[in-house]
Amino acid sequence: MGQTASTAAASSRRESNHSHRFKHRSTAPIPPMPAGEDDSLNEVIEDVVTDYISNIPDECLACIFQSLSSGDRKRCSLVCRRWLQVEGQNRHRLSLNAKSDLIVIIPSLFHRFDSVTKLALKCERRSISIGDEAFVQISCLCRNLTRLKLRACRELTDAGMEGFAKNCKGLKKLSCGSCTFGARGMNAVLDNCPLLEELSVKRLRSITDGAVAEPIGRGVAAASLKTICLKELCNGQRFGPLIIGSKNLRTLKLVRCSGDWDKLLDVMADRVSSVVEIHLEKLQVGDSGLAAISKCSQLEILHLVKTPECTNLGLKSVAENCKLLRKLHIDGWKTNRISDDGLIAVAKHCSNLQELVLISVNPTILSLELLATNCQNLERLALCGSETVGDPEICCIAAKCIALKKLCIKSCPVSDEGMEALASGCPNLVKVKVKKCRGVTFEGADLLRSSRASLAVNLDTGETDHQDAVASDGSAHENGLDIQAVAAQSGPANPASSSAGRSTSFKGSRTTENIPGAMI
């Protein structure tokens, strides 16, 4: 009805075509695929669906994870249960926010990370840290621990340290700062950890003086200790028996510890002959202490930082007897008690010197010329806050320091003339840092930079509060030491946190990064 003849005809053709196509598709036989093509197709399908990663052994997967950053490892652990397990079982370093509520997840945390050998427990100043119960529980679940760092764990007592020491007898390195346990806890570690090699103690307030105070003995650890570092202790000399009894001691660092240290250094030098490195900073030590140090004939590294009682006489004694000295750092604190006389003795007797840092010391061309002439291996030199180091001294260094590679000049009366001399001297120079030298302009720095393509020149004319700089193995550092403080904050839900980069205590290892509780 209502259709024209042409419309009806077109509709009839469409139905006919549709019926023809339907019948053709439903009845036409499908030719069989040749056997060779069928096998090839199966292989392609198998290649697509095969999970080759599942065939990787756990050991190989762990090696892959170890080459990743901490954040990437965390993300990989979320892929599947197997990756979560492999990643956790092969993580050897863990850094935890050691608040008191950590105790709730300790069992599950160390069930996942059951291969931890390096552990850092850090708590914020205003937070309540873990106590003895949690600490001992950790030691029971982490008996293979070799390195431990404690920071601001103020709820730990001697009892907690005793329980830990009995469970972790393989400990090799202990670093504790701002803790409140006392001599009994420290002795527990020394008595139960025969493999202890490094001990670092900072701001340990509960070690008291007096006749009734418990002394810190040698313990079994004295035979293995190689490094002792004491910082900011009001009673650091309580560690005297340990220092004297550590026959294999190689490094001793004393920083801002009260008391007169001359006598203890004298006794140590008579009984310990293996010391190769000594750091003394803001310490009451004088020429008699340096004379004692001079008995350490194997000494290679000496730092005298802000020790105003040390004079040329003591430095001469060290130079004459410690002829293997390679690195010497002196911060004279502008007392002018160490000058040309002491440095000339170093130049005459310490021909192996490779690194010299002079801060607030006023050497002249007399000592610098002798140092440059006699110390042919001198590679790193820093001259900071010196009123007597000018262009003539820099010209002398440029002409005579053939082996010099790194030079740092700070707050010295040097001008572009000195930079011009460096441009034509010191053939092995690779890095120069000039800071707060008002006579040096950017044109002078550009001239020095253009003198050789491989030379890195750093000119800083900005005003800062720092007074010191040093050219060392890695680069020019402030204050003779490159100390980077990394503060990581974590909420209660994320007790595991990461330290950015390699720490001074646990080098060369990966850290954790905000491991969520949902992953445990």
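Because the structure is a prediction, the values reported are computed rather than measured.

What counts, and where the lines are drawn
- Residues numbered from 1 in each chain as written.
- Predicted model: local features only at pLDDT ≥ 70, side-chain atom pairs only at ≥ 80, totals over all residues.
- Heavy atoms only, no water.
- Helix = DSSP H or I, 4+ residues; strand = E, 2+ residues; numbered from the N terminus.
- Buried < 20%, exposed > 50% of the residue type's maximum accessible area, 1.4 Å probe, protein only.
- Contact = heavy atoms within 4.5 Å.
- Areas by Shrake-Rupley, 256 points an atom, 1.4 Å probe, with all protein chains shown as cover.
- Phe/Tyr/Trp six-rings, centres within 6.5 Å; stacked < 30°, edge-to-face > 60°.
- Core = buried A, V, L, I, M, F, W, Y, C linked by side-chain atoms within 4.5 Å.
- Salt bridge = Lys/Arg side-chain N within 4 Å of Asp/Glu carboxyl O.
- Pairing = 2+ DSSP bridges.
- Right-handed = clockwise from strand over helix to strand, strands pointing away.
- Axes fitted to C-alpha atoms, helices over the stretch in contact; angles between N-to-C directions.
- Parallel < 35°, antiparallel > 145°, perpendicular 65-115°, else oblique.
- 1 Å grid on protein atoms, 1.4 Å probe; cavity = no way out; pocket = protein on both sides within 12 Å on 5 of 7 lines; lining within 4 Å.
- Points joined across faces, edges and corners; volume = space filled by probe spheres on them.
- Nonpolar A, V, L, I, M, F, W, Y, C, P; charged D, E, K, R; others polar.
- Arc of directions from axis to C-beta.
- Disulfide = S-S within 2.5 Å.
- pLDDT = per-residue confidence, 0-100.

**Describing the overall build of the chain**
Within the chain, the regular secondary structure consists of 18 helices and 17 strands. When burial is assessed residue by residue, the chain has 48% of its 520 residues classed as buried. Long-range pairs, those at least 24 residues apart, make up 76% of the contacts in the chain with a sequence separation of at least 6. Split by element, the accessible area of the chain, about 24,900 Å² in all, is 51% carbon and sulfur.

**Here we look at the packing of aromatic side chains**
In total, this model carries two aromatic pairs according to the counting rule given. Consider the rings of Phe135 and Phe164, whose centres lie 4.8 Å apart with planes at 15°: the pair is stacked. One end of the pair, Phe135, is in helix α7 (residues 132-141); the other, Phe164, is in helix α8 (residues 158-167), with 29 residues separating them in the sequence. Residue classification places Phe164 among the buried positions, given a relative accessible area of 2%.

**What to know about the nonpolar core**
Counting residues in hydrophobic clusters, the biggest one holds 123 residues, and the most contacted among them are Leu119, Leu121, Leu148, Leu150, Met186, Leu230 and Phe239. Ranked by the residues each element gives to this core, the list is headed by helix α9 (residues 183-192), at five residues.

**Here's the deal with the pattern of salt bridges**
If you walk through the whole model with that rule in mind, you get 15 salt bridges. A salt bridge links Glu355 to Arg380, with the shortest nitrogen-to-oxygen separation between them at 2.6 Å. Highlighted residues: Glu355 in strand β11 (residues 355-359) and Arg380 in strand β12 (residues 380-384), separated in sequence by 25 residues. Just as Glu355 is buried, Arg380 falls in that class too. One network of salt bridges, with partners in common, ties together Arg203, Glu232, Arg256 and Glu281.

**With respect to the environment of Phe442**
Along the chain, Phe442 falls in helix α18 (residues 442-451). For the pair Phe442 and Thr461, spaced 19 residues apart in sequence, the C-alpha separation works out to 9.3 Å. Those residues within four positions of Phe442 in sequence are excluded, and the remaining contacts are Leu459 and Thr461.

**Quick notes on the pairing of strand β13 (residues 406-410)**
The element β13 is extensively covered by neighbouring structure, given that five of its five residues are classed as buried. Every second residue of β13 is oriented toward a common face, with Lys406, Cys408 and Lys410 on one face and Leu407 and Ile409 on the other, all of them buried. Of the pairings in the sheet, the one linking β12 to β13 comprises five bridges and is parallel in character. Counted as the bridge partner of Leu383 is Ile409 from β13. In this fold, the crossover linking β12 to β13 by way of helix α16 (residues 391-400) has right-handed handedness. Note on the crossover from β13 through helix α17 (residues 416-424) to strand β14 (residues 431-435): the handedness is right-handed.

**Description of the packing of α16 against α17**
Across the interface, α16 lies against α17 with an axial gap of 8 Å and an inter-helix angle of 5°. The angle between the axes of α16 and α17 places the two elements in the roughly parallel class. Contacts between α16 and α17 involve Asp391, Ile394, Cys395 and Ala398 on the former and, on the latter, Glu417, Gly418, Ala421 and Leu422.

**Things to note about the environment of Ala159**
Positionally, Ala159 belongs in helix α8. Remark: the alpha-carbon pair of Ala159 and Asp132, spanning 27 residues in sequence, is separated by 6.9 Å. Ignoring any residue separated from it by four or fewer positions in sequence, one finds Ala159 in contact with Asp132 and Arg184.

**So, empty space enclosed by the protein**
To locate leftover empty space, one rolls a probe as large as a water molecule over the atoms. By the definition in use, this model includes three cavities of 30 Å³ or more. The calculated volume of the largest cavity comes to roughly 60 Å³. Every residue along the wall of the largest cavity is listed here: Leu304, Lys306, Thr307, Pro308, Cys310, Ile330, Asp331, Gly332, Thr335, Arg337 and Ile338. Each residue belonging to the lining of the largest cavity can be placed in one class, and the counts come to five nonpolar, three polar and three charged.

**A word on α18**
When we look at burial in α18, the residues that qualify are Gly444, Ala445 and Leu448. Taken down its axis, α18 places every buried residue within 100° of arc, on the same side. Exposed side of α18, more than 90 degrees from the buried face: Phe442, Glu443 and Ser450 are the residues found there. In the core, the buried residues of α18 are packed alongside α17, β14 and β15 (456-460).

**Some words on the pairing of strand β3 (residues 147-151)**
Two strands pair when backbone bridges link them, and strand β2 (residues 118-122) and β3 are joined in this way by five bridges, in the parallel orientation. Within the sheet, the bridge partner assigned to Ala120 lies in β3 and is Lys149. Once the chain exits β2 it traverses α7 before rejoining the sheet at β3, and the crossover so formed is right-handed. As judged from the five bridges shared by β3 and strand β4 (residues 173-177), these two strands associate in the parallel manner. From the neighbouring strand, Arg147 faces β4, where its bridge partner is Lys173.

**Quick word on the packing of helix α15 (residues 365-374) against α16**
It is the contact of α15 with α16, at a shortest axis distance of 9 Å, that shows an interaxial angle of 10°. The angle between α15 and α16 falls in the class roughly parallel. Judged by residue contacts, Ile365, Leu368, Glu369, Ala372 and Thr373 of α15 engage Pro392, Glu393, Cys396 and Lys400 from α16. When grouped by side-chain class, the residues that make up the contact of α15 with α16 number five nonpolar, one polar and three charged.

**A closer look at the state of the cysteines**
Evaluated as defined, the whole model comprises zero disulfides. Unpaired in terms of disulfides, Cys123 finds its nearest cysteine sulfur in Cys153, a separation of 6.3 Å.

**Here we look at the confidence of the model for the chain**
Within the chain, residue pLDDT values average 83, and 78% of them lie at 70 or more. Segment residues 16-28 is flagged for pLDDT under 50; beyond a separation of four residues in sequence, or across chains, it makes zero contacts in the model. Of the regions scoring below 50 in pLDDT, residues 464-520 engages in 155 contacts with residues more than four places distant in sequence or in other chains.

**Regarding the environment of Ala222**
Among the structural elements, Ala222 can be located in the loop between β5 (198-202) and β6 (227-231). Of the residues examined, Ala222 reaches a relative accessible area of 3% and is grouped as buried. Note: C-alpha distance between Ala222 and Ser246 (24 residues apart in sequence) is 4.5 Å. Look past the residues within four positions of Ala222 in its chain and what remains in contact with it is Leu242, Gly245, Ser246 and Lys247.

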